[in-house]
Amino acid sequence: MTTLLLQPGIGLGEPPAGCATGGSSDSGFVHSWDISTGVDGPGTRFVTFLSGCPLRCLYCQNPDTWLRGNGTLQSVDAMVAEAAKYVPFIRASGGGATISGGEPLQQPDFATGLLRGFRGLGLPTALDTSGYLGRLASDELLAATDLVLLDIKAGQPGTYSRLTSRELAPTLEFAERLAEMNKPVWLRYVLVPGLTDAPEEVCEVARFAGTLGNVERVDVLPFHTLGRAKWEALGRRFVLADTPAPTAEQVSRARQEFESHGLVTY
């Protein structure tokens, strides 16, 4: 993955008490953007990372995106103009544009404006989200979204809360709404030894995903500690620093569980 330009300085205060949203359909806070291949949807993608996130995931790779103040106020027009420079390259790969974060649904109006703008360039769009703020995704936003990259981080409410500091139910409700719309979903599941690799965790997520009917693939993502340096740079302790990456056998076992529910895994 190649990271290009627009990298504001970072800093991190305490997590916000609530989940306030902001921005408008014309402008919002952008942390950074990249051109990436293979990790943010099909083909090569123009990926816009929005600032702000209500979750505090223990394995977060980008804690510098948690606060909106770590971003730079950008207009939809400016971001669309940036993406336009890469349209021939992106189209040739069968790619598109992805809105990520942070949590893009914390700035739902801005996200809608971006998705519509990228659609106007003829680029297929994807929304990368935890689903926790799915209630803020308007019908207009989802109409401008071709694919949802949905993180379901754990199968049991207690584990989800320990992992993210938030509740699981809103994500499941959003997933069910997407299923009712028949909106294509790629599900992501990070496999963390001693936390999300327990059979009951994997089984519950696989069972739920298997009932939806719109999950095109499941990416079982092995936990790693590549984000540790960002935590330390921000003066925060990375509590999973001593957690090993899952073995090939653990990853295979998780994939088999999803496949047993009729899902395609990667």
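Not measured: the values here are computed from a predicted model.

Cut-offs applied
- Residues numbered from 1 in each chain as written.
- Predicted model: local features only at pLDDT ≥ 70, side-chain atom pairs only at ≥ 80, totals over all residues.
- Heavy atoms only, no water.
- Helix = DSSP H or I, 4+ residues; strand = E, 2+ residues; numbered from the N terminus.
- Buried < 20%, exposed > 50% of the residue type's maximum accessible area, 1.4 Å probe, protein only.
- Phe/Tyr/Trp six-rings, centres within 6.5 Å; stacked < 30°, edge-to-face > 60°.
- Core = buried A, V, L, I, M, F, W, Y, C linked by side-chain atoms within 4.5 Å.
- Contact = heavy atoms within 4.5 Å.
- Pairing = 2+ DSSP bridges.

**Side note on the environment of Gly227**
Link 1 in the chain: Position of Gly227 relative to the elements: it lies in the loop between strand 9 (215–222) and helix 8 (228–233).
Link 2 in the chain: Taking the relative accessible area as the measure of exposure, Gly227 reaches 5% and is therefore buried.
Link 3 in the chain: In sequence terms Gly227 and Asn62 are 165 residues apart; their C-alpha atoms lie 6.6 Å from each other.

**A short note on unusual backbone geometry**
Leaving glycine out, the prevailing phi sign among residues is negative, and the prevailing peptide bond configuration is trans.
Link 1 in the chain: In the segment running from Gly101 into Gly102, the intervening peptide bond is cis, with an omega of 20°.
Link 2 in the chain: With phi around 75°, Ser165 is a residue other than glycine that occupies positive phi space.
Link 3 in the chain: With respect to the secondary-structure elements, Ser165 resides in the loop between helix 5 (157–164) and helix 6 (169–181).
Link 4 in the chain: For Ser165, a relative accessible area of 41% translates into the label partly exposed.
Link 5 in the chain: With a phi close to 60°, Asn182 is a non-glycine residue in the positive phi region.
Link 6 in the chain: Locating Asn182 in the fold gives a position in the loop between helix 6 and strand 8 (185–191).

**Describing the packing of aromatic side chains**
Link 1 in the chain: Scanning the model with the defined rule gives seven aromatic pairs in all.
Link 2 in the chain: Centroid distance Trp66 to Trp231: 5.4 Å. Interplanar angle 90°. Geometry classified as edge-to-face. Remark: Trp231 occurs in helix 8 and Trp66 occurs in the loop between strand 3 (44–50) and strand 4 (72–75); sequence separation between them is 165 residues. Residue Trp66 shares its accessibility class with Trp231, and that shared class is buried.

**What to know about the nonpolar core**
Link 1 in the chain: Counting 69 residues, the largest nonpolar core has Phe118 and Phe258 as its most contacted members.
Link 2 in the chain: The greatest single-element share of this core, amounting to six residues, is contributed by helix 7 (residues 199–212).
Link 3 in the chain: Residues within four places of Phe258 in sequence aside, it is in contact with Tyr189, Val202, Val205, Ala206, Val218, Val220, Leu263 and Thr265.

**Some points on the pairing of strand 7 (residues 147–151)**
Link 1 in the chain: Counted residue by residue, strand 7 has five buried out of five residues, so it is predominantly covered.
Link 2 in the chain: The alternating pattern of strand 7 places Leu147, Leu149 and Asp151 and Val148 and Leu150 on opposite faces, both of which are buried.
Link 3 in the chain: In the sheet, strand 6 (residues 125–129) pairs with strand 7 via four bridges, with the strands oriented parallel. If you follow Asp128 over to strand 7, its bridge partner there is Leu149.
Link 4 in the chain: Pairing of strand 7 with strand 8, which is carried by four bridges, proceeds in the parallel orientation. Bridged to Leu150 within strand 8 is Leu187.

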